[in-house]
Amino acid sequence: MLSSQSDQSSQRAAFQQCIAPDCGQTYGLDEVLPLCPACGELLDVTYDWDRVPVPASLREFEARWSSRRNPVDFSGVWRFRELLPFAREDQIVTIGEGQTILQLSDSCATWAGLKPGGLRLQYEGLNPSGSFKDNGMTAAATHARMTGATTAACASTGNTSASLAIYASTTQLFRVVVFVGSGKIAFGKLSQALDYGALTLQLDGDFDDALIRVREVCQAEGIYLCNSLNPFRLEGQKAIIYRILESLNWEPPDWIAVPGGNLGNSSAFGKALIELRHLGLIDRVPRVAVINASGASTLDDLYNGRDLRWNGGRPDKALIDGWYSEQDAEKKRAKTMASAIEIGRPVNLVKCLRTLEATDGLVCSVTDQQILDAKAQIGAAGFGCEPASAASLAGVKLLREQGQIAPSDRVVCVLTGHQLKDPDATVTYHSSDPAGEVTSQRFLDHEVTSAPAANRPIPVANDSAAIISRIRELLHA
Ligand SMILES: *Cc1c(COP(=O)(O)O)cnc(C)c1O
Ligand SMILES: [Zn+2]
């Protein structure tokens, strides 16, 4: 089993490495390993920074804006390739991911209790498949190609499958099998997997079940696994941090708020920031706030409720196992309108603890009501987002109210997915009575009882004079 720890590991510039300090086993880049074979812990992609050329300043990356006809310079992930140097340039699989923007939003700032100028929204919904997942999938697809994979698979609440499927359909490099839970996937996302031609398996179970099955199937069939256990995916997701910093003229904000589902994004953010600090490319690390949905709050419950910590890479596993046993005994499953973060057993939990430690981070939970109200603010202020993404702004408002975030702090909310991913949630919210009860059964099944920021469609007669008088009434009200 340990044969892959080669004597050359000290001479390799990039390799895979177990994150547990008591193990620390290293593996070559050519191996396809869901977890450390020696101890079962998560793997990192690790670099010997003395062996790879690193720019003297982050500003050097700006030069690539002038060579955007070169696909790897156009990519919002690979133009930072010196910071994820695991692939040769001719191996890179890119479809133009990462053309995102960081938008100032004073109305959201005011709503969350921050000063104007203090809040920015990082729109990851502008990626080719409409979510941040493309940042990671370009890296996983690259690694899949490096290892000669012909079939790739993932379990998904929707966006991972859309992302994996778009990389397969645009490049034709491999076939794709996606596992989704029954009735758990927003139609915008399911429609993508179907349209991009993925073999789509709808499992009788939820996401946590689907992830267990896809891991077993990949192992048995030699299929390349693209869930966020895959450390190469997280390498690509580091680029979200690079682009945020770039948009801020390389001046780190005080906070970066991100929704927490499987905790891949928060884990990648921490790794990016730890490496940038190690390389002397930033001198101050922003604090990462990870926001759970209250119906899927494993991280919040363990971190705040039971004081689970990274603890130098030796977190208290008994605490985690005990908590999961309790959930199982009570037959509790994750349940939230924000389907992208409806995850009870986040695979990257331990890596996320590392992020929280390294960035002096925070964790909190927000209800579906708080999420949908925040989502309506974001939509009214800009490009909009899907429900899970709005957990970031809802969390910032809560942390502001709790006094954790100061009114003058500079905050970036990562909006992980596009508004059109889940139009059902949006239309139901806006169709409801702002003052009264939300009547749609779908909403009643969750915690949402009113929609204060609703913008209801107004019925009018098929008559111009009546319409004009109604418009005058409404616009001048
Ligand atoms: C996947 C996803 C998340 C959760 O991200 P993790 O890295 O799993 O924590 C949040 N929002 C959207 C829109 C997603 O697609
Ligand atoms: Zn190990």
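Structure shown above.
Summary of the structure given here.

Here is what the cut-offs are and how they apply
Residues numbered from 1 in each chain as written. Chains lettered and ligands numbered in written order. Predicted model: local features only at pLDDT ≥ 70, side-chain atom pairs only at ≥ 80, totals over all residues. Heavy atoms only, no water. Salt bridge = Lys/Arg side-chain N within 4 Å of Asp/Glu carboxyl O. Helix = DSSP H or I, 4+ residues; strand = E, 2+ residues; numbered from the N terminus. Buried < 20%, exposed > 50% of the residue type's maximum accessible area, 1.4 Å probe, protein only. 1 Å grid on protein atoms, 1.4 Å probe; cavity = no way out; pocket = protein on both sides within 12 Å on 5 of 7 lines; lining within 4 Å. Points joined across faces, edges and corners; volume = space filled by probe spheres on them. Nonpolar A, V, L, I, M, F, W, Y, C, P; charged D, E, K, R; others polar. Pairing = 2+ DSSP bridges. Contact = heavy atoms within 4.5 Å. Axes fitted to C-alpha atoms, helices over the stretch in contact; angles between N-to-C directions. Parallel < 35°, antiparallel > 145°, perpendicular 65-115°, else oblique. Left-handed = near helix turned anticlockwise from the far one by under 90°. Donors = N, O, S within 2.8 Å, 3.2 Å for Na, K, Ca; no water. Tetrahedral: all angles 85-135°; square planar, octahedral: opposite > 155°, others 65-115°. Right-handed = clockwise from strand over helix to strand, strands pointing away. Near = heavy atom within 4 Å. Polar contact = N/O pair within 3.5 Å; in protein donor to acceptor, adjacent residues only side chain to side chain. Sits in = over half its atoms within 2 Å of the grid points.

As for the pattern of salt bridges
And step 1. Within the structure shown, the criterion is met by 29 salt bridges.
And step 2. With its nearest N and O atoms 3.5 Å apart, the salt bridge here joins Glu62 to Arg59.
And step 3. Notably, a salt bridge pairs Arg79 with Glu246, separated by 2.8 Å at the nearest N-O pair. Within this pair, whereas Arg79 is found in the loop between helix H1 (71-74) and strand S4 (101-104), its partner Glu246 is found in helix H7 (residues 231-247), the two being separated by 167 residues in sequence. Like Arg79, the residue Glu246 is buried in the burial classification.

Description of empty space enclosed by the protein
And step 1. A complete count under the given rule lists four cavities of 30 Å³ or more for this structure.
And step 2. Approximately 290 Å³ is the volume found for the largest cavity.
And step 3. The wall of the largest cavity is formed by 26 residues, among which Phe132, Lys133, Gly261, Asn262 and Ala340 lie closest to the centre.
And step 4. Elements represented by at least two residues in the lining of the largest cavity include exactly strand S6 (151-156), helix H4 (159-171) and helix H8 (264-278).
And step 5. The leading source of residues in the lining of the largest cavity is H8, at three residues.
And step 6. Taken together, the residues of the lining of the largest cavity sort by class into nine nonpolar, 14 polar and three charged.

Things to note about the sheet that holds S6
And step 1. With respect to topology, four strands assemble into an open sheet ordered S8-S7-S6-S9, the strand pairing being parallel. Unpaired on one side and paired on the other, strand S8 (199-203) and strand S9 (224-225) mark the two borders of the sheet.
And step 2. Note that S6 and strand S7 (residues 175-181) share six bridges and pair parallel. Looking at the pairing, Cys154 lines up with Val178 of S7.
And step 3. Helix-sheet contacts for H4 involve S6 and S7, and the interaxial angle to S6 is about 160°.

Observations regarding the packing of helix H3 (residues 133-146) against H7
And step 1. Contact geometry of H3 with H7 gives a least axis separation of 6 Å together with a crossing angle of 140°. Regarding the angle of H3 to H7, the classification is oblique. For the crossing formed where H3 meets H7, the hand is right-handed. Seen from H3, the contacting residues are Lys133, Asn135, Gly136, Met137, Ala139, Ala140 and His143; seen from H7, they are Phe232, Arg233, Gly236, Gln237, Ala239, Ile240 and Arg243.
And step 2. Looking at the contact of H3 with H7 residue by residue, the classes come out as six nonpolar, five polar and three charged.

Quick notes on the coordination of the zinc ion (ligand 2)
And step 1. The protein atoms that coordinate the zinc ion (ligand 2) are Cys18 (SG), Cys23 (SG), Cys36 (SG) and Cys39 (SG), at distances spanning 2.3 Å.
And step 2. Coordination geometry of the zinc ion (ligand 2): the four donor atoms subtend angles of 97 to 115° at the metal centre, consistent with an arrangement described as tetrahedral.
And step 3. Expressed as a motif, the donor residue spacing for the zinc ion (ligand 2) is C-x4-C-x12-C-x2-C. Linking Cys23 in the loop between strand S1 (14-18) and strand S2 (26-27) with Cys36 in the loop between S2 and strand S3 (43-47), this pair joins segments that are 13 residues apart in sequence.
And step 4. Since its relative accessible area comes to 26%, Cys23 is described here as partly exposed.

A look at the pairing of strand S11 (residues 287-293)
Two faces belong to every sheet, and in a regular strand the side chains alternate between them.
And step 1. S11 sits mainly inside the fold: six of its seven residues count as buried.
And step 2. Where strand S10 (residues 255-259) and S11 come together, five bridges link them in parallel fashion. When the bridges of S11 are listed, Pro259 appears paired with Ile291.
And step 3. Read as a crossover between parallel neighbours, the route from S10 over H8 to S11 is right-handed.
And step 4. Note: S11 against strand S12 (residues 362-366), five bridges, orientation parallel. The residue bridging Ile291 from the neighbouring strand is Cys364, located in S12.

A few points about the site of ligand 1
And step 1. In the vicinity of ligand 1, 16 residues are found, and the nearest of them are Lys133, Asn159, Asn262, Asn265 and Thr416.
And step 2. Note that an oxygen atom of ligand 1 is positioned 2.8 Å from one of the backbone N or O atoms of Gly261.
And step 3. The pocket occupied by ligand 1, as judged from atoms lying within 2 Å of grid points, is the largest cavity.
And step 4. In terms of residue class, the shell around ligand 1 is made up of six nonpolar, eight polar and two charged.

Focus on the side chain of Gln237
And step 1. If you trace the backbone, Gln237 turns up in helix H7.
And step 2. Residue classification places Gln237 among the buried residues on the basis of a relative accessible area of 1%.
And step 3. Here the side chain of Gln237 touches Asn265 through a polar contact of 3.1 Å, side chain to side chain.
And step 4. The residues touching Gln237, leaving out its near neighbours within four places in the chain, are Phe132, Asn135, Gly136, Gly264, Asn265, Ala268 and Phe269.

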